[in-house]
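# An overview of the molecular structure
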Amino acid sequence: MIRIEHIGIAVKDLAAAEETYARLLGTPCYKRERVESEGVVTAFFQVGPNKIELLESTREDGPIAKAIAKRGEGVHHIAFEVADIRAEMARLTAEGFTLLNAEPKRGADNKLVCFVHPREANGVLIELTQEARD
Ligand code: ZN
């Protein structure tokens, strides 16, 4: 894996969290994006070479709404940039990790993404992310 690309944070109120993180980081949100397939609306902040992704659920049964119902707001996932997402998915499967999607899917920020089950990663949801090349 190349680096930590971003840290995803589940929030209840994106507008309020955006204001908080703009003050915390001393930099404004540079992009908002709705990912309908994931049931989220996101706000991105650049912090040096890494990003913070705030995620608010757009529906009651979405993954972010479920995570907040279970554990409250807070860190939701850590995303690692990879050079070849399919190769990395195959490597992790061979290493005994469980992938949450069998094929890379289109995530926010023009990325191909795949999630790795937190069960084999000490309770941390892992996201693999590769720049989409189209
Ligand atoms: Zn993410």
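Look above for the structure.
Residues numbered from 1 in each chain as written. Predicted model: local features only at pLDDT ≥ 70, side-chain atom pairs only at ≥ 80, totals over all residues. Heavy atoms only, no water.

### A word on the coordination of the zinc ion
Within the first shell, the zinc ion binds the protein through His6 (NE2), Glu53 (OE), His77 (NE2) and Glu127 (OE), at distances of 2.1 to 2.2 Å. Note that the zinc ion binds 4 donor atoms; their angles at the metal cover 84 to 172°, and the shape is irregular. Within one chain, the residues serving as donors to the zinc ion are arranged as H-x46-E-x23-H-x49-E. Linking histidine 77 in strand β5 (residues 74-81) with glutamate 127 in strand β8 (residues 126-131), this pair joins segments that are 50 residues apart in sequence. Neither histidine 77 nor glutamate 127 differs from the other in exposure class; each is buried. (Donors = N, O, S within 2.8 Å, 3.2 Å for Na, K, Ca; no water. Tetrahedral: all angles 85-135°; square planar, octahedral: opposite > 155°, others 65-115°. Helix = DSSP H or I, 4+ residues; strand = E, 2+ residues; numbered from the N terminus. Buried < 20%, exposed > 50% of the residue type's maximum accessible area, 1.4 Å probe, protein only.)

### As for the packing of aromatic side chains
A full pass over the atoms with the stated rule returns 1 aromatic pair. Measuring from ring centre to ring centre gives 6.3 Å for tyrosine 30 and phenylalanine 44, while their planes differ by 45°; the resulting arrangement is tilted. Here tyrosine 30 is found in the loop between α1 (14-25) and β2 (31-35), whereas its partner phenylalanine 44 is found in strand β3 (residues 40-47), with 14 residues between them in sequence. The class for tyrosine 30 is partly exposed, based on a relative accessible area of 39%. Among the residues examined, phenylalanine 44 registers a relative accessible area of 1% and is labelled buried. One Lys or Arg, lysine 31, reaches over the ring of phenylalanine 44 and ends 6.0 Å from the middle of that ring. (Phe/Tyr/Trp six-rings, centres within 6.5 Å; stacked < 30°, edge-to-face > 60°. Lys NZ or Arg CZ within 6 Å of the ring centre and 35° of its normal.)

### Concerning the pairing of β8
Extensive coverage of β8 is indicated by the burial of 5 of its 6 residues. Judged from the 4 bridges that link them, β5 and β8 form a sheet pairing that is parallel. When the sheet's bridge partners are listed, phenylalanine 80 is paired in β8 with leucine 128. (Pairing = 2+ DSSP bridges.)

### Quick look at the pattern of salt bridges
All told, the structure shown has 14 salt bridges when counted by the stated rule. Note that glutamate 5 and lysine 111 form a salt bridge whose closest N and O atoms lie 3.4 Å from each other. Remark: lysine 111 occurs in strand β7 (residues 111-116) and glutamate 5 occurs in strand β1 (residues 3-10); sequence separation between them is 106 residues. For glutamate 5, a relative accessible area of 1% corresponds to the buried category. Overall, lysine 111 belongs to the buried group, its relative accessible area being 5%. (Salt bridge = Lys/Arg side-chain N within 4 Å of Asp/Glu carboxyl O.)

### Some remarks on the environment of glutamate 73
With respect to the element layout, glutamate 73 can be found in the loop between α2 (63-71) and β5. A residue is classified by how much of its surface remains accessible, and glutamate 73, at 48% relative accessible area, is partly exposed. Excluding residues within four positions of it along the chain, glutamate 73 makes contact with Ala10, Val11, Lys12, Asp13 and Ile68. (Contact = heavy atoms within 4.5 Å.)

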